[in-house]
Amino acid sequence: MPQATFRIWTGAGDDAVFKDFATDVSEGMVVLDAIHQIQAESAPTLACRWNCKAGKCGSCSAEVNGKPRLMCMTRLDTLDLSVPVTVEPMKSFPHVRDLVTDVSWNFRVKKSIKPFKPRKPDAPDGTWRMQQADVDRVQEFRKCIECFLCQDVCHVLRDHHKHPEFAGPRHFVYTAALEMHPLDTEDRLSHMKNEGGIGYCNITKCCTKVCPEHITITDNAIIPLKERVVDEYYDPLTRLFKVFTGK
Amino acid sequence: MSDYQTHEHDVLVIGAGGAGLRAAIEAASVKGLSVGLVCKSLLGKAHTVMAEGGMAAAMAHVDDRDNWMVHFADTMRGGQYLNNPVMAELHAKEAPDRVRELEAWGALFDRTRDGRILQRNFGGHRYPRLAHVGDRTGLEMIRTLQDHGIHQGIEVYMEHTVTTLLKDGDRVVGAFGYDRERGRFRVFKAKAVVLATGGIGRAFKITSNSWEYTGDGHALAYDAGADLIDMEFVQFHPTGMVWPPSVRGILVTEGVRGEGGRLVNKDGKRFMFDDVPDLYKNQVAKDAEEGWRYVTGDKNANRPPELLTRDHVARCINREVKAGRGSPHGGVYLDIAWIKEKLPNAQEHIKKKLPSMYHQFKELAGVDITTTPMEVGPTTHYVMGGVRVDGVTQMSTVPGLFAAGECAGGLHGANRLGGNSLSDLLVFGKRAGEHAAKWAQAQKPSNINAAQVELAAKQALAPFERSGENPYQVQLTLQDMMQDKVGIVRTENDMAAALDGLAALKKRAAAVSIDGNREYNPGWHTCLDLPNLLCVSEAVARCALDRRESRGGHFREDYPDKSKDFAGHNTVIRKAPDGSMKLLREPIVPLTDEQKKVIDANK
């Protein structure tokens, strides 16, 4: 059976280093299989987060050969195995150990966004009516599996560390899903502009490229939100109108 | 003295999938009640996320003949009448409200033309009944509960694992566990504890279940003295991926068959028409044409045989493979691409209705399901058995301990219908939360027994102090053995051998060791999961050995037929005072006259 070498970021804090592990490769294997094999064979304490191994839970996010990927959906036959495959933790979040990072910041940001608030029910039995065409767009956003790869690749977080003032692509998608929900009545625009820092996004579309669910994050979620922020806060005619009417 | 932090709540929920989240939300709706929610993984990653097809609720949006009575009768028939009818009735009656409640919390289901929640066909359900979102309904459900739940004042403990329940006399008064990141010990003091830990699939080699499914709730309850029920009934889902090897077991949703997918063997024969069980004779299509009319919404047509119950379909697939009529990698073919003969825009239709399946096969197997049949075979999917609970309150046989969702038993009897799991989570998650809250409010303060905590801490740290083998090897051996000997086809000899094997594995598990430290150490966690896996494996094997008949998910090659002698009791497992596993046969919960009438009217 052919072998491949995996150059894995191991350890914690200042002592973390790349370490090489060789393991057998068989047909159809994905990177997460290789990690599990290495755990069982030679490194039982090797830390990695995973749950479903089917691309549905978004737990096993990492950087494979420098690219943000789900390890469970990255087939080895798409990689050059003649050289070591590097596997590293995500870079936008504090490192815990080996391939695991502390992603709790994402959960705190989400909590700061105002929750869903539906309009009054349409029908006497307390239910609503919505057409499929009206929910299609939001269903796209709701495919998100919260793998946070979009947060990992976003340079505002990754390179500029704007975590305290920038919610990141995942939470723009989350906000867009709420704002475009046919039943929702809440207004999250000022939050997007101020606490969410959506103005920092300069639409490089890296988030869209890495999304394993193929959500068109930039075009369908972020840009419409940006346009609404601009309309509301920066449109010169509206401002003039506000000056004269005092509204 | 071990070092640990103590957290105090009125209600502690262990497990944060659909049932756990719903229970926590319900308990937190009681003013002034403090609720803690322990997740083994990050919030929103629990196994519920993988559910695909939908949640069953007789809302009658697509076929107005549907109502709770038909759903109740379908559930009982599917469970071969070993179900707890109290639960089956509550489930059928309350599921529609639970689905509508999700919509009020932001869930966006697929729609009918008149703008209501769309429902789809599924195996064993007489009418289109499953509210769904494409083939990612579980994700929609868990995300809705999560996004709603985080604003209800619930204290969430992410990546925490409970290893022991703590008792004060007969009562459960808390739990002991560790956090994954630092390996620090935690004591949770609580007036009521709800188990919502899911299933046991990781005891088998080929499974659709995620790593968390190590039977924790089953084992915690058993060790605390609670009864387990129906553990012989494990559901092997008929369609899991079989190739390539690394994806073996990953689920292929029943929704594929609900949309018209047909099962064929290597000779191109649609074999499901050959074997239709008596219980379903007058509910199955005469030919392929009628089957197609059924899946496209003709109310006068009967279902194609691919939409029979999972236990039956899995056995038919198994039979084809054993008879040498399988696909090259030991499965059969599931073909949805054929519908292009019927639909002009079939490729787009498939991608729209089954987007996850399309991507899953494209990315993991290199197969385009809009043009090529999939190779599929049975995979361990679900355990019908679980903690024996009161049908109304979900309290176990131990005071203060509740269970809901997959880790509870009773609703599904010998076989669960697809779609009845997500609705189970919501209906009984809510009930468990409600009654746990009531119970908690009525309790006087309790004491945490320091000796119990010390013992739990000592047991948890033992693998660091030993120098035995690597826990992964024990786990792999166990999975191979359970798959081989207590899997889809069972015999007396195999299971007796499995029990011997389990005794040997217990000794090995008691000696496993791990090095490194307590911070995010998966080897250590595997050491601590092993006793749970062994406990549930033994329960399954013992119950399966005792039931000398074939019924639902339990198939005995040496007793291939249903037997009257086994129709009247459930198998119960209890921990004997000497620590051994005791098996009892307990009479089933009888049907009321009303329920009998409902079943007869829907035959």
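Model, not experiment: these values are computed from the prediction. (Residues numbered from 1 in each chain as written. Chains lettered and ligands numbered in written order. Predicted model: local features only at pLDDT ≥ 70, side-chain atom pairs only at ≥ 80, totals over all residues. Heavy atoms only, no water.)

Draft legend 1. Structural view of the overall build of chain A. Helix and strand counts for chain A come out as 10 helices and seven strands. Its C-alpha atoms put chain A at 75 × 45 × 25 Å along the principal axes. Within chain A, the proportion of its 247 residues that are buried is 55%. Relative to all contacts within chain A whose residues are 6 or more apart in sequence, the contacts with residues 24 or more apart total 61%. Just so you have it, chain A exposes about 10,900 Å², and 54% of that area is on carbon and sulfur atoms. Between the centroid of the 33 positive side chains of chain A and the centroid of its 33 negative side chains there is a distance of 5 Å. (Helix = DSSP H or I, 4+ residues; strand = E, 2+ residues; numbered from the N terminus. Buried < 20%, exposed > 50% of the residue type's maximum accessible area, 1.4 Å probe, protein only. Contact = heavy atoms within 4.5 Å. Areas by Shrake-Rupley, 256 points an atom, 1.4 Å probe, with all protein chains shown as cover. Lys, Arg positive; Asp, Glu negative; His and termini not counted. Charge placed at Lys NZ, Arg CZ, Asp CG, Glu CD.)

Draft legend 2. Looking closely at the sheet that holds strand 10 (residues 228-229) of chain B. All names here are of chain B. Pairing within the open sheet is mixed, and its five strands lie in the order 17-15-10-18-19. Each having just a single partner strand, strand 17 (408-409) and strand 19 (581-587) make up the two edges of the open sheet. Pairing geometry for strand 15 (residues 386-388) and strand 17, over two bridges, is parallel. Across the sheet, the residue bridging to Val-387 is Ala-408, located in strand 17. Packing against the sheet, helix 15 (residues 522-546) makes contact with strand 18 (569-575) and strand 19, and its axis sits at approximately 50 degrees to strand 19. (Pairing = 2+ DSSP bridges. Axes fitted to C-alpha atoms, helices over the stretch in contact; angles between N-to-C directions.)

Draft legend 3. Up close: the nonpolar core. If you look at the biggest cluster of nonpolar residues, it comprises 250 residues, and the most contacted ones within it are Met-71 and Val-87 of chain A together with Val-11 of chain B. Of all the elements, helix 15 of chain B adds the most residues to this core, at 14 residues. Those residues in contact with Val-11 of chain B, other than ones at most four positions away along the chain, are Ala-27, Leu-33, Ser-34, Val-35, Gly-36, Ala-192, Val-194, Ala-436, Ala-437 and Ala-440 of chain B. Membership of the second largest hydrophobic core comes to five residues, among which are Leu-82, Phe-233, Met-384 and Ala-414 of chain B. (Core = buried A, V, L, I, M, F, W, Y, C linked by side-chain atoms within 4.5 Å.)

Draft legend 4. Molecular detail of the interface of chain A and chain B. Each partner contributes to the interface: chain A provides 56 residues, whereas chain B provides 64 residues. Carbon and sulfur atoms supply 54% of the area buried between chain A and chain B, which totals about 5,100 Å² over both sides. At the boundary of chain A with chain B, the tally comes to six salt bridges. Elements supplying a minimum of two residues to the side of chain A that touches chain B: helix 1 (31-41), strand 6 (95-97), helix 2 (104-112) and helix 3 (132-141) of chain A. Examining the composition of the side of chain A that touches chain B, we find that five residues originate from one element, helix 3 of chain A, more than from any other. For the side of chain A that touches chain B, the class distribution of residues is 30 nonpolar, 12 polar and 14 charged. (Buried area = accessible area lost by both parts, 1.4 Å probe. Salt bridge = Lys/Arg side-chain N within 4 Å of Asp/Glu carboxyl O. Nonpolar A, V, L, I, M, F, W, Y, C, P; charged D, E, K, R; others polar.)

Draft legend 5. Examining the packing of aromatic side chains more closely. Summed over the entire model, instances satisfying the criterion amount to 13 aromatic pairs over all chains. Ring geometry for Tyr-157 of chain B and Phe-188 of chain B: centres 4.9 Å apart, planes at 75 degrees, overall edge-to-face. Here the residue Tyr-157 of chain B occupies a position in strand 6 (residues 155-157), and Phe-188 of chain B occupies one in strand 9 (residues 185-195), the gap between them amounting to 31 residues. Comparing Tyr-157 of chain B with Phe-188 of chain B shows no difference in burial state: the two are buried. Taken together through their ring pairs, the aromatic side chains of Phe-93, Trp-105, Phe-107 and Phe-148 of chain A make up a single cluster. One cation-aromatic arrangement involves Lys-93 of chain B over Trp-68 of chain B; the distance from NZ or CZ to the ring centre is 4.5 Å. (Phe/Tyr/Trp six-rings, centres within 6.5 Å; stacked < 30°, edge-to-face > 60°. Lys NZ or Arg CZ within 6 Å of the ring centre and 35° of its normal.)

Draft legend 6. Inspection of the domain arrangement of chain A at higher detail. All names here are of chain A. Taken as a whole, chain A is organised into domain 1 (3-101) and domain 2 (104-245). The C-alpha centroid of domain 2 is placed 31 Å from the C-alpha centroid of domain 1. At the interface, 14 residues of domain 1 touch 17 residues of domain 2. Here domain 1 packs against domain 2, burying approximately 1,100 Å² in sum over the two surfaces, 57% of which is carbon and sulfur. On the domain 1 side of the interface with domain 2, the three residues burying the most area are Pro-68, Ser-92 and Phe-93, jointly 49% of the side's total. Along the contact surface separating domain 1 from domain 2 lie one salt bridge. Here Glu-63 and Arg-158 are joined by a salt bridge, their closest N and O atoms 2.7 Å apart. The tally of links between domain 1 and domain 2 comes to seven residue pairs in polar contact (both at pLDDT 80 or more). Those elements giving two or more residues to the side of domain 1 that touches domain 2 turn out to be strand 3 (61-64) and strand 4 (67-70). For the side of domain 1 that touches domain 2, a count of residues per class yields six nonpolar, four polar and four charged. (Domains from an automatic or database assignment. Polar contact = N/O pair within 3.5 Å; in protein donor to acceptor, adjacent residues only side chain to side chain.)

Draft legend 7. Region of interest: a negative patch on the surface. Judged by side-chain charge, Asp-187, Glu-227, Asp-231 and Glu-232 of chain A come together as a negatively charged surface patch. Looking at the element boundaries, Asp-231 of chain A is found in helix 9 (residues 217-233). (Patch = residues over 30% accessible without salt bridge, like charges linked within 9 Å, V, L, I, M, F, W, Y side chains within 5 Å.)

Draft legend 8. Spotlight on the packing of helix 13 (residues 471-485) of chain B against helix 14 (residues 492-511) of chain B. All names here are of chain B. For the pair helix 13 and helix 14, interaxial distance at closest approach is 10 Å and the crossing angle is 170 degrees. Between helix 13 and helix 14, the interaxial angle falls into the category roughly antiparallel. Residues Gln-473, Val-474, Thr-477, Leu-478, Met-481, Asp-484 and Lys-485 of helix 13 pack against Asp-494, Met-495, Ala-497, Ala-498, Gly-501, Leu-502, Leu-505, Arg-508 and Ala-509 of helix 14. (Parallel < 35°, antiparallel > 145°, perpendicular 65-115°, else oblique.)

Draft legend 9. Representation of the domain arrangement of chain B. Residues and elements named next belong to chain B. For chain B, the assigned domains read domain 1 (5-235 + 381-449), domain 2 (237-378) and domain 3 (451-585). Inter-centroid distance (C-alpha atoms) of domain 1 to domain 2 is 29 Å. Domain 1 puts 31 residues into the contact, and the matching count from domain 2 is 30 residues. Both sides of the domain 1 and domain 2 interface together cover about 2,500 Å² of buried area, and 47% of this is carbon and sulfur. Taken as a group, Glu-52, Asn-121 and Asp-135 account for 23% of the area that domain 1 buries against domain 2, more than any other trio of residues on that side.

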